[in-house]
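# Structural overview for review
Residue-level listing of the chains:
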Amino acid sequence: MMTVKNKWVPYLFLLPAFAGLLLFKLYPIISALLQSMHTLEFLTQLVRFVGFENYVSLFNDPVFWNSLKVTLWFNLWINPFQITLAFGLALLLNTGIKQITFFRGINFIPVAVSVPTAAILWKIMLSPEQGVVNSILVALGMSPQPFLESSSQALASIVAIASWKGVGYWALFLLAGLQEVSPSLYEASSMDGASKWQQFKSVTYPMMKRPLTFVVVSVTVANMLLFAPMYILTKGGPNQSTNVLLLESYNSAFLYSDMGRATAIVVIMLVITAIIVAIEFRILRAKH
Amino acid sequence: MKKILSLISMILILLLAACGGGNSDISDENADTDGDETGGTELSFIAYSNYEAPLEAVIEDFEAENPNITVKLELAPFEQLMETIEIKMGSKSEDVDLLFVDSPLAVNYALKGYLEPLDSLMSPDIADAWVDSAVDGVTFQDQMIAAPMNSSSQVLYLNKDIFEEKGVPLPKENERLTWEEIIEIAEQLTYDSNGDGQNDVFGFSFDQIDRAYQLLALSDSLDAEMVSENGLEATGYTNSPEAVEAFQFYSDLFNKYGVSPRIDRAESIDYFISGKIAMYLGANHNLPKLEESDLNYGVSLHPYFAKGEVATPTGAWNVGISKYSKNKEAAAKFLAYLTTGEGAKTVFEIGGTLPVANELLDFIETDPMYDEFPNNIIRISATESRETAVPRPKTPGYLEWETNMNGAFKNIKNGTDPQEALNQAASEIDNLLKKYEEAVE
């Protein structure tokens, strides 16, 4: 009798977590999937089942393909950029110089600034009309740049702004990882005559795979879903150059009254993100 | 074991129920207390934040007369107003009673079932209180779906000091320049005042930069229609040769002549007040703000193309009652107070906006108070709104049209070829308008 009871106890403890998962993760996903197969009829206000019609119309829509391209292109640049910078920053913040805590504090400041505040500040600084960045460029004898107002520079400007805000945060996780690497490994390798680079390649990097996996996956997910800077700074423009999928989905839902299209985009994004994350897990699988 | 199993399933069911039905339960409770006569009624009103001062004054007076009704303002800046309405109304939220309705969106809101027709809620002859054009704008299938609150027009404000400094004669108050003349004068008034190599005083700027509301006056002057008769096609209209010519002019202001600063709408009035713009084509309701500043300014009439017609922007704010409101009677009472009689007068006096109530328009026309500057700006606007104003395109998908056009205007400002920008916008708009086909037939 006791054993049967005991068998259920672990599940009971798991219940709150499972209920949370079900409620906050699975339910919205299923709900989105169902919504993406429906459309709202005006006048009658009836919700009609349309199967995969929303997906078919998306695949025939050049705006969707452009947004998909922008999203992937954006992620192709921002993720390696942020991870490399974060790793570099973490290595610097892990050095043993005096007052390192001061630098660690500074590093964290952009993280504490909210995304809208950061976006608006950068918008003012990057303004083509008398923005401070252009004033500096002109003072240095360079020509002023349009930044967010140009379709060739807007996405890169957003990569820069998002990285300014994000890198310090991700560096923190990598820093924690670096501090977990046992000093004895470095001692042993230096006795074997390993150079700094060899130490990094053979000690630091392999030992960092776990925190790195976490950071890589989190950065990818965060940037796939990033849309606040585009929403605040460019509204997807100029010429759709920053119109990422999530912004297009937002517009469909809340400007164009097309919830079916909006949720179809979200479902597609979910699939793409899942595939990318799965690949990342595979590549970064720790061997120890 | 059975006990635990049933416990688990019960918790799960409870959680799911809380998730699925939670919203409506909570709203119902609210609605009950709101509707309670003894406890008083609270109305929630989604409004454009620029109207905070006049609306609060009206609400104060209204609440004094109707102690058991309170009105709570939910303010949003222009950029977020439409989205706030879409999100709230799209989710059939019951906590909205009254909402701002931009004239060209009235049909769209009616199609989506956001608005309660007013005919059964307000007295049948109330429509006589407003000018016909305003009533037309909010009539859908022979029913009034919102009440007009105010209208707007644009005048050409002039910074007298810049004109004097550059020795350019100031246009007269009753003079209507052509766009060609505007360029000529603006070029003389654009210069680098601090010697840093970049122009910082500009000859001309629109108030609502990149906004269809104001820029349509360009294409209207060349008689370009923006959408097809049934309001469902933009290609061939939005990107017609006339439209391209009109918006090529917009592009030239920034890219060819460099007489307008590449700024956003929100910055334009401050640029004018701080003396960085010589000629500012702006709304009449900027008047209170200009009077507060110490700017030495004058006024002239809205320009037009030499080969075209005189056309000025217009657009009204209306207020509608939500279909999902639980307090429609009380909302109608407030709405009548706001848009006619004392309320309309307060909105006009405090907000400086152009009224749509016949009573007030007659007053502006005849009262000597409006003979002299700066109050004559109100009279000029009233005349323009009756004689030269062209309403915005009629389409059930005005929000889609406008959102994409505003984006196109921004691209044109930043150097995209107008033909290219308008072609792209037109094809995107066509795609978005398809969903209204069934509704319009």
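Note that residues are indexed from 1 along each chain, following the sequence as it is written. For this description, chains carry letters from A and ligands carry numbers from 1, given in the order in which they are written. Under the rules for a predicted model, residues below a pLDDT of 70 receive no local features and side-chain atom pairs below 80 are neither given nor counted, while totals for whole chains, interfaces and linings still include all residues.

Chain B is annotated in an unreviewed UniProt entry as Carbohydrate ABC transporter substrate-binding protein (CUT1 family) from Pseudogracilibacillus auburnensis. UniProt positions are given in the numbering used here, feature names are shortened, and annotations may be inferred rather than shown by experiment. In its Sequence similarities (unreviewed entry) section, the UniProt entry covering chain B states "Belongs to the bacterial solute-binding protein 1 family."

Chain A has the name Carbohydrate ABC transporter membrane protein 1 (CUT1 family) in an unreviewed UniProt entry, where Pseudogracilibacillus auburnensis is given as its organism. Quoted straight from UniProt, the Sequence similarities (unreviewed entry) entry for chain A says "Belongs to the binding-protein-dependent transport system permease family." Of the comments in the UniProt record for chain A, the one headed Subcellular location (unreviewed entry) reads "Cell membrane".

### Concerning the sheet that holds strand β12 (residues 317-321) of chain B
Residue and element names in this part refer to chain B. Ordered in space as β2-β1-β3-β12-β6-β13, the 6 strands form an open sheet in which the pairing is mixed. The sheet is open, and its two borders are formed by β2 (69-76) and β13 (354-355), each paired with just one other strand. This entry defines residue contacts through backbone-placed C-beta atoms, with two residues in contact when those atoms are within 7 Å. The convention used is that axes are lines fitted to C-alpha atoms, helices contributing only their stretch in contact, and that angles between N-to-C directions extend from 0 to 180 degrees. Where helices and strands are cited, they refer to DSSP runs of H or I of at least four residues and of E of at least two residues respectively, numbered from the N terminus. Lying over the sheet, helix α2 (residues 52-65) contacts β1 (41-48) and β2, oriented at roughly 170° with respect to β2. Two strands form a pair only when DSSP identifies at least two bridges running between them.

### Let's talk about the sheet that holds strand β8 (residues 202-206) of chain B
Residues and elements named next belong to chain B. Across the sheet, 4 strands lie side by side as β8-β9-β7-β10; this open sheet has mixed pairing. In the strand order of this sheet, the two ends are held by β8 and β10 (297-300), each with one partner. The mean inter-strand angle of the sheet, taken between neighbouring strand axes irrespective of direction, is 25°. As paired elements, β8 and strand β9 (residues 277-283) share 4 bridges and run parallel to each other. Note on β9: the bridge partner recorded for Phe206 is Leu281.

### Quick notes on the packing of helix α4 (residues 100-112) of chain A against helix α7 (residues 154-180) of chain A
All names here are of chain A. Relative to each other, α4 and α7 sit at 125°, their axes nearing to 7 Å. Our classification of the angle between α4 and α7 gives oblique. As α4 runs across α7, the sense of the crossing is left-handed. Two secondary-structure elements touch here, α4 through Asn107, Phe108, Pro110 and Val111 and α7 through Trp164, Lys165, Gly168, Tyr169 and Ala171. Each residue is assigned to one class: nonpolar for Ala, Val, Leu, Ile, Met, Phe, Trp, Tyr, Cys and Pro, charged for Asp, Glu, Lys and Arg, and polar for all the others, Gly among them. Counted by class, the contact of α4 with α7 contains 6 nonpolar, 2 polar and 1 charged residues. In what follows, roughly perpendicular refers to angles from 65 to 115 degrees, roughly parallel to angles under 35, roughly antiparallel to angles over 145, and oblique to any angle outside these ranges. Crossing chirality is assigned from the near helix's rotation relative to the far helix, an anticlockwise turn below a right angle marking it left-handed and a clockwise turn marking it right-handed.

### Focus: the nonpolar core
Across soluble globular proteins, nonpolar side chains have a tendency to be buried as a group. Residues and elements named next belong to chain B. To count as a nonpolar core, a set of buried Ala, Val, Leu, Ile, Met, Phe, Trp, Tyr and Cys residues must be joined through C-beta atoms within 7 Å. Any residue with 12 or fewer other C-beta atoms within 10 Å of its own C-beta is exposed, any with 20 or more is buried, and the rest are partly exposed; the C-beta atoms used are placed from the backbone. In this structure, Ala278 and Phe334 are the most contacted members of the largest nonpolar core, which totals 128 residues. Boundaries between domains were set according to an automatic or database domain assignment. Residue contributions to this core reach at least three from each of two domains, namely domain 1 (42-152 + 316-378) and domain 2 (154-313 + 397-440). Discounting residues that sit within four places of it in the chain, Ala278 has contacts with Leu158, Asn159, Ile162, Phe163, Ala186, Leu189, Val201, Gly203 and Phe204.

### A word on unusual backbone geometry
Phi is mostly negative for residues that are not glycine, and the peptide bonds are mostly trans. A cis geometry characterises the amide bond from Gly237(A) onward to Pro238(A), with omega recorded as -15°. As for its placement among the helices and strands, Pro238(A) is situated in the loop between α11 (228-234) and α12 (245-254). With omega at 0°, the peptide bond leading from Phe373(B) into Pro374(B) counts as cis. Mapped onto the elements, Pro374(B) comes out in the loop between α14 (358-366) and α15 (376-387). You will see that Phe147(A), though not glycine, has its phi angle at about 50°, which is positive.

### Quick word on the pairing of strand β6 (residues 147-151) of chain B
Residues and elements named next belong to chain B. Within β6, 5 of the 5 residues are buried, which leaves it mostly tucked inside the rest of the structure. Bridging between β6 and β12 involves 3 bridges; their strand directions are antiparallel. Paired with Asn150 across the strands is Trp317, a residue of β12. Bridge analysis of β6 against β13 gives 2 bridges, and the strand direction is antiparallel. Pairing of Ser151 across the sheet is with Leu354, part of β13.

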